[in-house]
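In case you want the letters, here they are:
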Amino acid sequence: MRMANLSGRLSLLVEDRAVDVEQASDGRFSADPQAVYERWDEFRAWTAAADLPEGVAFGPAELGSPAPAPRQTLAIGLNYRDHAAESGFAAPEGLPPVFTKFVTSISGPESEVKLPADGHTDWEVELVVVIGRRAEGVREADAWTHVAGLAVGQDISERVSQLAGPVPQFSLGKSFPGFTPIGPWLVTPDEFENPDDLELRCAINGEEVQKGRTRDLIFSVPALIAKLSAVLPLLPGDVIFTGTPSGVGLGRDPQRFLAAGDELVSTIEGIGELRQTFVA
């Protein structure tokens, strides 16, 4: 199943057309894309049996984040060995670095992003997990049953703010407006042959700068859910950014950062793509 936020309304995608859920369910489910996660099991049961109308055509610019207002957004650092190495750190053990991206930074899959003045704005393509069932003390073997679906994410990062001392400000440096695009829609885990092995790619103006596979995550999606839920409950609709592979601008020699006019395209196999353009 593919679920989308179309112009702020919860929609199902059927053969590249969008079905408005509130209308198709005769009001059983609201139009609010975030609210559906509180009733995820009920929603999945309805979609499996519903006789859906044909739907309407839509364009990517009409899409918003499939999780536009999560109560918690947890982002994972250094979760690929090659990215940890290019960042000058040893691979994490136990629990990787965890930070947040504030909700006001979330945007849809196609957007224009204003570059912070005097900053060094970087890119980080990531697999995003959206929680569909409260997870507290979850075993790794059961973790996928708590996942509503997967999306593409960009952990856009302003490195000057992020690394300003005396203590780095990861959350602030990664939460400027538009710095958390998510989309283009949510894909349920059953749509993948293996949801633990998906290819990620990122390109700037057509030049590939990142390529990796989620099988190379140090802490897999189930491991992250188990470790995080051992500390705090993961709530329906919460978002987890699972980490980025190597190829970010900070780790290059010479370093490279986004400039006005750049187009950033982030893609994950079996899900789709994000497309951000940057302005001064």
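Preceding this paragraph is the structure being described.
Below, the structure is looked at part by part. This one's a predicted model, so the numbers in the text were calculated from it and none came from an experiment.

Thoughts on the overall build of the protein chain
Regarding its fold elements, the protein chain presents six helices and 18 strands. Counting only C-alpha atoms and orienting by the principal axes, one finds that the protein chain spans roughly 55 × 40 × 30 Å. Counting over 280 residues, the protein chain shows a buried share of 54%. For the protein chain, contacts bridging at least 24 residues in sequence account for 75% of all contacts bridging at least 6. With the model as given, the accessible surface of the protein chain reaches about 11900 Å², and the carbon-plus-sulfur share is 50%.

Some thoughts on the sheet that holds strand β15 (residues 207–213)
Strands sit in the order β8-β18-β17-β14-β15 across an open sheet of five strands; the sheet is mixed. At either end of the open sheet lies a strand with only one pairing partner, and these are β8 (110–114) and β15. Along the sheet, successive strands turn relative to each other by an average axial angle of 15°, direction set aside. Across five bridges, the pairing between β8 and strand β18 (residues 272–279) is parallel. Of the residues in β18, the one forming a bridge with S111 is Q276.

With respect to unusual backbone geometry
Across the junction of G165 and P166, the peptide omega takes the value 5°, indicating a cis bond. Cis peptide bonds are those with omega within 30 degrees of zero, and the linkage from G183 to P184 qualifies with -5°. Take P184: it is sitting in strand β13 (residues 180–187). The residue S7 is not glycine, and still its phi comes out positive at about 55°.

Thoughts on the pattern of salt bridges
Summed over the entire model, instances satisfying the criterion amount to 24 salt bridges. We note a salt bridge from R9 to D20, for which the minimum N-O separation is 2.5 Å. Of this pair, R9 sits in strand β2 (residues 9–14) while D20 is found in strand β3 (residues 17–20), placing the two residues 11 residues apart along the sequence. Note on R9: relative accessible area 28%, which makes it partly exposed. One salt bridge connects E263 with R275, and the closest N-O pair in it is separated by 3.2 Å. Of this pair, E263 sits in strand β17 (residues 263–268) while R275 sits in strand β18, and the two are 12 residues apart along the sequence.

About the cut-offs
Residues numbered from 1 in each chain as written. Predicted model: local features only at pLDDT ≥ 70, side-chain atom pairs only at ≥ 80, totals over all residues. Heavy atoms only, no water. Helix = DSSP H or I, 4+ residues; strand = E, 2+ residues; numbered from the N terminus. Buried < 20%, exposed > 50% of the residue type's maximum accessible area, 1.4 Å probe, protein only. Contact = heavy atoms within 4.5 Å. Areas by Shrake-Rupley, 256 points an atom, 1.4 Å probe, with all protein chains shown as cover. Pairing = 2+ DSSP bridges. Axes fitted to C-alpha atoms, helices over the stretch in contact; angles between N-to-C directions. Salt bridge = Lys/Arg side-chain N within 4 Å of Asp/Glu carboxyl O.

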